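Structure assessment
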Amino acid sequence: MRIAATGMLGAMAALFVLSGQYLDLHPAWGFVHSFAEAAMVGGIADWFAVTALFRHPFGIPIPHTAIIPNNKDRIADTMADFLRDNFLTPAVVARRMIGMNIAGAVGDFLASPPKSDGSRIAAGAASLFADVLESLDPERMGGQVRSGLKATLARIEVAPPAGKMIEAAIADGRHRPLIDSVIRWVALALEDNEDLVRDMIHRRANALLRWTGLDERLANSVIDGLYKLLAETLVDPDHPIRSKVEESLEKLAHDLQHDPELKAKVEKAKNDLLDNPALADWWQGVWERARKAMLDTARNPDKAMQGEIGKLVGELGGAMSNDPRLQIMVNRFARRTAVGVATRYGDQIVRLVSETVRRWDARTITDRVEGAVGRDLQFIRINGTLVGGLVGVTLHALSYAF
């Protein structure tokens, strides 16, 4: 497309020279000459505009050229701001979750799971759940489960043991399979929700991007970049995102043991959970039997759902579907948890995105953006040449009229 656009500009230059030789022969040649002249101006102007996005024209450091490589850090900050403003602010999280009946949806799913095994998100969630169980210290977890009656749990401060378990898992490296599963699950969720991300980018794009159709290219670039980032994080054990996640886990483990505010929030959530009569009744009869079979059957969810675990999960699903008080409690807990995560760790996640993009090589990001939208930009050059020519013909005609 670059060759086609440049060839059209060259053709207009040749037509301009040729038509200039025959201006005295017939007035029609004046229109041809004006068309070629204005087309050259339009083509050169749009060539300069397109080139200035990615590099200095002819290598000359003209101000406000090479816009993308010179503003790579600002692009990183813009992406981070987009993520923060649309996903990670407490107000946005709370607003999006205020009308969601998470408990009812989960209860319906558990009570009547779909027969189809084609849901990759469901398969990924099952694998993730198994990795969570395996990443926790079995002895610590078993001790807490055996003492899981309400009277005992009410006297136990939950946050410090949870922090110690996370520390132990990190020290033994048991968190790594969990991180791998989270990355795979996020990738599957992104793939199943690409239309939502595209629609959000389209709505946030300015009028110029929508008019030129670049918003679709931008959406493709953003989604491809996210897939690439997830793939790199999955295969590279020393990836910066993994380091940041581990730092966040270490901070969470430390805060659970030493931050009075976080400990108070955890205690309040625990008490809300224990005070619900429906949950207490279910807990007494279910948990001891369920824990013994979870690790053995989590890796084979189809088999598990056909046995005792399936019966227990169905009981939990029925309770969550039919008990409004339990739904209110679970939904409130989920909302508070999500808002708390956004409040406490949202800035760290946003900063991680910004720092990751800042580390990208300027030439690499320029080549990727140009490869994604460059074809349409060359159409802009072609259109600029044609529109310029039509304007030249119009002005030439007006000169005759007036």
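Above this text is the structure in question.
Just so we're clear, the structure is a prediction, and the values are computed from it rather than from any experiment.

In total, this model carries 4 salt bridges according to the counting rule given. Residue E355 is joined to K244 by a salt bridge in which the shortest nitrogen-to-oxygen separation is 3.4 Å. Of this pair, E355 sits in helix α20 (residues 324-359) while K244 sits in helix α15 (residues 240-258), and the two are 111 residues apart along the sequence. The exposure class assigned to E355 is partly exposed, which follows from its relative accessible area of 22%. On the basis of relative accessibility, which here comes to 27%, the residue K244 falls in the partly exposed class. When the shortest N-O distance is used, the salt bridge between K251 and D255 registers 2.8 Å.

What follows concerns the packing of α15 against α20. Two elements in contact, α15 and α20, have axes whose closest approach is 10 Å; the angle formed by their N-to-C orientations is 160 degrees. Considering the angle they form, α15 stands roughly antiparallel to α20. Considering the relative orientation of α15 and α20, their crossing is right-handed. The segment α15 lies against α20, with P240, I241, K244, S248, K251, L252 and D255 engaging R344, Y345, Q348, L352, E355, T356 and R359. When the residues that make up the contact of α15 with α20 are grouped by side-chain class, the tally is 5 nonpolar, 3 polar and 6 charged.

Turning to empty space enclosed by the protein, a few remarks are in order. Under the definition given, this model contains 1 cavity of 30 Å³ or more. Approximately 50 Å³ is the volume attributed to the largest cavity. Around the largest cavity, the lining residues are A269, D272, M329, R332, F333 and R336. Considered class by class, the residues forming the lining of the largest cavity number 3 nonpolar, no polar and 3 charged.

Definitions and limits used
Residues numbered from 1 in each chain as written. Predicted model: local features only at pLDDT ≥ 70, side-chain atom pairs only at ≥ 80, totals over all residues. Heavy atoms only, no water. Salt bridge = Lys/Arg side-chain N within 4 Å of Asp/Glu carboxyl O. Helix = DSSP H or I, 4+ residues; strand = E, 2+ residues; numbered from the N terminus. Buried < 20%, exposed > 50% of the residue type's maximum accessible area, 1.4 Å probe, protein only. Axes fitted to C-alpha atoms, helices over the stretch in contact; angles between N-to-C directions. Parallel < 35°, antiparallel > 145°, perpendicular 65-115°, else oblique. Left-handed = near helix turned anticlockwise from the far one by under 90°. Contact = heavy atoms within 4.5 Å. Nonpolar A, V, L, I, M, F, W, Y, C, P; charged D, E, K, R; others polar. 1 Å grid on protein atoms, 1.4 Å probe; cavity = no way out; pocket = protein on both sides within 12 Å on 5 of 7 lines; lining within 4 Å. Points joined across faces, edges and corners; volume = space filled by probe spheres on them.

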